[in-house]
Amino acid sequence: MASNFQVRLGIVGMRLGLWHAGAIAEIEGAEIVAVADNVPGKLPGPNISLSEWASSLGADAYTDGVDMIQNADIDAVDLCVSPKWRLPLVEAAAARGLPVLLEKPWGTNMAHGQAIAEIIRQTQLLHMVEFPLRYFPPIVALKELLDDGAIGKPFVVNAEIVMGAAPAKTPEHWMWDPDNGNGAINENTCHVFDTLCYLLGDPVSLHAFGASYHGAAPNLPDGAVANIRFESGAVASVTGGALGANALRTPTWLDVYAEKGQALVTGIDHMYDTLTWGRFDDGEPTREHWPNPPLRTLIVRYALEEFVNSVRNGVQSESDASAGLKALALAMAVNESVAAGEPVDLSC
């Protein structure tokens, strides 16, 4: 395919899909030509039907995602459904050879995640996990500092992302279904798990402490601290879950202590916006700030740009099935470690 062709996208799942649609509207060279959802009432207005909203985009509307994937005139598929519903959609995309973007988390559990990965492996399907944080400019710049040796090899990392507490008090939310979201750590803390693996490499062990403090799902922690060791020798401590106050707008940070210096990445609303770093031999720190997108819903924009470019150029993104499985394994290890009170070996 030519590298400048217009990528025609089909979106399945219009709750989060509305976020993706807003971001796609900001991306040059991409357009939405089909949408699918089988549950009414997710559109921007109580009296707007799926077909009416699709028509406003110049897109076709489907009430079945597999039907859309099999029949719509599209170049790629954007799956915005929760993990439970993905397997037949990925199978349909693979059968047609359509590149697929999967929202995080990668799967409900390791068996489910590996089943999705196996379909992709067998068909060599171009794909991507929508892990947005690794694509934010401060993380890209931090990765360059680490890779170029400006602050040297990372030793110890502290990271935090704790979403608002409302879902922790809502047992009917899909994130608490063991066959769907399988907990707040899998659904949300996976953001930081992926970012750490992107920066530090493969995790080899994890020991977590926490509980179901609000009790939405007694067997799944809604708050946890996880200590992770990586194959590189780096160690990280992660605070995650769903215990935050919405008024604080989910502050997020990542602090790296490295061989030649230190770097701190901070932000709010699940979005990193500032990198501050310095070397041991420098007197003053360097601080860089990138304004966040104006809307929280545009958190997906950088990742969607990566996916569109991946489809346009036929190049597999680094945010692949392996990345999805690593973050999933860390989330499942947190759940296991909290329940058992023991560390979990991730090296095998």
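The structure contained in this document is the topic of the report that follows.

Reading guide: rules and limits
- Residues numbered from 1 in each chain as written.
- Predicted model: local features only at pLDDT ≥ 70, side-chain atom pairs only at ≥ 80, totals over all residues.
- Heavy atoms only, no water.
- 1 Å grid on protein atoms, 1.4 Å probe; cavity = no way out; pocket = protein on both sides within 12 Å on 5 of 7 lines; lining within 4 Å.
- Points joined across faces, edges and corners; volume = space filled by probe spheres on them.
- Helix = DSSP H or I, 4+ residues; strand = E, 2+ residues; numbered from the N terminus.
- Nonpolar A, V, L, I, M, F, W, Y, C, P; charged D, E, K, R; others polar.
- Salt bridge = Lys/Arg side-chain N within 4 Å of Asp/Glu carboxyl O.
- Buried < 20%, exposed > 50% of the residue type's maximum accessible area, 1.4 Å probe, protein only.
- Patch = residues over 30% accessible without salt bridge, like charges linked within 9 Å, V, L, I, M, F, W, Y side chains within 5 Å.
- Areas by Shrake-Rupley, 256 points an atom, 1.4 Å probe, with all protein chains shown as cover.
- Pairing = 2+ DSSP bridges.
- Contact = heavy atoms within 4.5 Å.
- Axes fitted to C-alpha atoms, helices over the stretch in contact; angles between N-to-C directions.
- Core = buried A, V, L, I, M, F, W, Y, C linked by side-chain atoms within 4.5 Å.
- Phe/Tyr/Trp six-rings, centres within 6.5 Å; stacked < 30°, edge-to-face > 60°.
- Lys NZ or Arg CZ within 6 Å of the ring centre and 35° of its normal.
- Right-handed = clockwise from strand over helix to strand, strands pointing away.
- Expected span 1.5 Å × (residues − 1).
- Polar contact = N/O pair within 3.5 Å; in protein donor to acceptor, adjacent residues only side chain to side chain.

It is worth spelling out empty space enclosed by the protein at this point. Inspection of the entire model under this criterion finds one cavity of 30 Å³ or more. Considering only enclosed or pocket space, the largest cavity measures out at about 30 Å³ in volume. If you go around the largest cavity, the residues you meet are Ile185, Thr189, Phe193, Ala224, Val225, Ala226, Val238, Gly240 and Val334. Listed by contribution, the elements that provide at least two residues to the lining of the largest cavity are α7 (184-200), β9 (223-230) and β10 (235-244). Residues belonging to the lining of the largest cavity are distributed by class as follows: seven nonpolar, two polar and no charged.

So, about the pattern of salt bridges. Any two side chains of opposite charge can pair, on the condition that their charged atoms come close. All told, the structure shown has eleven salt bridges when counted by the stated rule. One salt bridge connects Asp73 with Arg8, and the closest N-O pair in it is separated by 2.9 Å. With a gap of 65 residues between them, Asp73 in the loop between α3 (65-71) and β4 (76-79) and Arg8 in strand β1 (residues 7-12) connect regions that are remote in the sequence. Judged by relative accessible area, Asp73 falls into the exposed class, the value being 52%. Bridged by salt links that share partners, the residues Arg8, Asp73 and Asp75 form one connected network.

Another point: a nonpolar patch on the surface. A cluster of nonpolar side chains, Phe155, Val156 and Tyr257, forms an exposed patch at the surface whose accessible area comes to about 250 Å². Mapped onto the elements, Tyr257 comes out in strand β11 (residues 252-258).

By definition, the strands of a sheet pair up through backbone hydrogen bonds, in either a parallel or an antiparallel sense. The strand order across the open sheet built from nine strands is β14-β13-β12-β11-β7-β10-β9-β8-β15, with neighbouring strands paired in mixed fashion. With one partner strand each, in any of the chains shown, β14 (286-289) and β15 (344-345) form the two edges of the open sheet. Inspection of the sheet shows β11 paired to strand β12 (residues 261-268) by six bridges, in the antiparallel sense. Along β12, the bridge assignment pairs Leu254 with Val265. Its contacts with the sheet place α7 against β7 (154-164), β8 (203-211), β9, β10, β11 and β13 (271-279), and it is angled at close to 155° to β10.

Quick look at the nonpolar core now. Most often, soluble globular proteins keep nonpolar side chains buried together rather than apart. Counting 109 residues, the largest nonpolar core has Met68, Val77, Trp106, Leu142 and Leu254 as its most contacted members. When residues of this core are assigned to their parent elements, the largest contribution, ten residues, is made by helix α9 (residues 321-340). If sequence neighbours within four positions are ignored, Leu254 has contacts with Leu142, Val157, Asn158, Ala159, Thr195, Leu196, Leu199, Ala263, Leu264, Val265 and Tyr272. Listed in part, the nine residues of the second largest apolar core include Met163, Ala168, Trp176 and Ala217.

Moving on, we come to the layout of surface pockets. What the largest pocket holds in volume is close to 1,100 Å³. Lining the largest pocket are 41 residues, and of these Arg15, Leu16, Cys80, Ser82 and Trp174 sit closest to its centre. Listed by contribution, the elements that provide at least two residues to the lining of the largest pocket are α3, α4 (87-96), β7 and α7. Tallying contributions element by element places α7 first for the lining of the largest pocket, with three residues. In terms of residue class, the lining of the largest pocket is made up of 20 nonpolar, eleven polar and ten charged. Looking at the second largest pocket, its volume works out to about 190 Å³. Lining the second largest pocket are Met110, Gln114, Pro203, Ser322, Leu325, Lys326, Ala329, Asp345, Leu346 and Cys348.

Enumeration according to the criterion identifies one aromatic pair in this entry. The ring of Tyr198 is capped by Lys143, whose NZ or CZ atom sits 5.0 Å from the centre of that ring.

Judged by which residues are buried, strand β6 (residues 127-130) turns out to be covered on both faces: His127 and Val129 on one side and Met128 and Glu130 on the other are all buried. With four bridges joining them, strand β5 (residues 100-103) and β6 adopt parallel strand pairing. Note on β6: the bridge partner recorded for Glu103 is Glu130. For the segment spanning β5, helix α5 (residues 110-123) and β6, crossover handedness is right-handed.

Before going further, it helps to spend a moment on α9. Compared with an ideal rise of 1.5 Å per residue, which puts 20 residues at 28 Å, α9 spans 28 Å between its outermost C-alpha atoms and is within 8% of the ideal. Burial runs high along α9: 14 of the 20 residues are buried. Of the residues flanking the start of α9, the one acting as N-cap is Asp320, its side-chain oxygen 3.2 Å from the backbone nitrogen of Ser322. Phi for Gly341, located one or two positions after α9, is positive at around 70°.

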